[in-house]
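Coordinates in review
Below, each chain spelled out in residue letters.
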Amino acid sequence: MKTRIQRVVVVTRPTELSLLLARHGTRSQAEFFLSCRGQDLEEVEERHRRFEAALARVMSTVPMSWRRARIQRADLDRFLFEPEDTVVALGQDGLVANVAKYLDGQPVLGVNPDPAAYDGVLVPLAPEAVADLLVPASRGQASTESRTMVAASTGGGRELVALNEIFVGHRSHQSARYRLGDTPHRGPLERQSSSGLVVASGSGATGWARSIHRRRKTDVVLPGPTERRLAFFVREAFPSVATGTSRTDGSLGPDQDLEVISEMNDGGVVFGDGIEGDFLRFDWGTRLQVTIAPKTLELVRA
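A few points on the structure. Each chain has its residues counted from 1, running along the sequence as written. Side-chain atom pairs in this predicted model are given and counted only at pLDDT of 80 or more, local residue features only at pLDDT of at least 70, and totals for whole chains, interfaces and linings cover all residues. Side-chain metrics in this entry use all non-hydrogen atoms of the structure; hydrogen atoms and water are not considered.

Considerations on the packing of aromatic side chains
We count it as follows: Aromatic pairs are defined between Phe, Tyr and Trp rings, using the six-membered ring for Trp, whenever the two ring centres lie within 6.5 Å; interplanar angles under 30 degrees are classed as stacked, those over 60 as edge-to-face, and all others as tilted. The cut-offs for exposure are 20% and 50% of the maximum accessible area for each residue type, with area from a 1.4 Å probe on protein chains only; residues under the lower value are buried, those over the upper are exposed, and the others partly exposed.
Evaluation of the coordinates by the stated rule reveals three aromatic pairs. Both rings, one in Phe 79 and one in Phe 81, keep their centres 4.9 Å apart while their planes meet at 75°; by these two values the pair is edge-to-face. Exposure remark for Phe 81: the relative accessible area of 10% places this residue in the buried category. Grouping aromatic residues by their ring pairs yields a cluster made of Phe 167, Trp 208 and Phe 271.

Have a look at this one:
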């Protein structure tokens, strides 16, 4: 049987300069646009040069015998990843979250092209580190973190998987109405009205969930990135004669779930990692189950 040639998939997103030139056509028009807003095109160009230098460094480390694919973030939903792929996400932390939902165990090297601009929580590697890690990662010999993910299902094969968090609410962020229950405290579901709820993994605990957690008094401890546990938070639950606020946060472990039943005639949505365009409809009577996802993100460490 013929051996399949190893492939590396490099995932990027357009730089700010690329987007400006696509919108305005010429450098001078882009410069004029920025100057009217008190911004400097030279700074944008310098960030672009750092990105291009990092990309060139990464591509130069790929063995000549390997197949190569480079895709933009916008093309992820149309790209077919192969089980043996090794993935390099070059960009900001959110890019790793964007690609994670499309993978199933393939190792991911998160590469930070600009440490002064990006925290590097999910892109911890310098471009020069790829040379030492790419081949071991492809052979399953690199050190990895198995990061927990979140799964949301409305039945009938309709499911979303996210690395950071799942949001449940109204698409306009107006008041969402639903009934809520979780397996650690299963009983009658509580009818609620709120600005939606967030279910986060340990990766999400450094982002949106962290902001919510800091602003409320709660006994819930945010999970670690590889911990098989989720945390959920109801945002601004409204107490009334018809809606309660007794169940506004909690933790979910393995074999536990959060159950949400929509009471919105239209506009109810479920989306992951802030990608509002990729969503599940959550209209009246739809039953949603949120759990720990069976798969994990395999993030390569130095």
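Let's talk about the environment of Arg 228
This is how it is decided: The secondary structure listing takes helices from DSSP runs of H or I that are at least 4 residues long and strands from runs of E that are at least 2 residues long, numbered from the N terminus. In what follows, a contact means two residues having at least one pair of non-hydrogen atoms within 4.5 Å. Here a polar contact is recorded for every N or O atom pair within 3.5 Å, except that within protein the pair must consist of a potential hydrogen donor and a potential acceptor, and residues adjacent in sequence are included only if both atoms are side-chain atoms.
Note on placement: Arg 228 falls in the loop between α6 (208–214) and β11 (230–234). C-alpha of Arg 228 to C-alpha of Val 290: the two residues are 62 residues apart in sequence and 14 Å apart in space. Not counting chain neighbours up to four residues away, the residues in contact with Arg 228 comprise Thr 148, Leu 252, Gly 253, Pro 254, Ile 292, Ala 293, Pro 294 and Thr 296. For Arg 228, the side chain forms a polar contact with the main-chain oxygen of Ala 293, separated by 3.2 Å.

What about the layout of surface pockets?
The criterion, for reference: Think of a 1 Å grid over the protein atoms and nothing else: a 1.4 Å probe that fits but is trapped marks a cavity, an open set flanked by protein within 12 Å on at least five of seven lines marks a pocket, and residues with an atom within 4 Å of a point count as lining. Grid points are joined across faces, edges and corners, and a volume is the space filled by probe spheres set on the points. Classification convention: Asp, Glu, Lys, Arg as charged; Ala, Val, Leu, Ile, Met, Phe, Trp, Tyr, Cys, Pro as nonpolar; all other residues, Gly among them, as polar.
Quantified by volume, the largest pocket comes out at close to 360 Å³. In terms of lining residues, the largest pocket is bounded by 20 residues, among which Pro 14, Thr 15, Glu 16, Gln 92 and Tyr 118 are the most central. Among the secondary structure elements, those contributing two or more residues to the lining of the largest pocket are α1 (16–24) and α3 (41–60). Broken down by element, the residue count for the lining of the largest pocket peaks at four residues, all from α3. The class makeup of the residues in the lining of the largest pocket is 10 nonpolar, five polar and five charged. Of the voids in this model, the second largest pocket is the one considered here, and its volume is about 280 Å³. In this structure, the second largest pocket is lined by 16 residues; those nearest its centre are Asp 93, Asn 164, Ser 203, Thr 206 and Gly 207. Elements supplying a minimum of two residues to the lining of the second largest pocket: α4 (93–100) and α6. With four residues, the single largest contributor to the lining of the second largest pocket is α4. When its residues are assigned to classes, the lining of the second largest pocket shows four nonpolar, seven polar and five charged.

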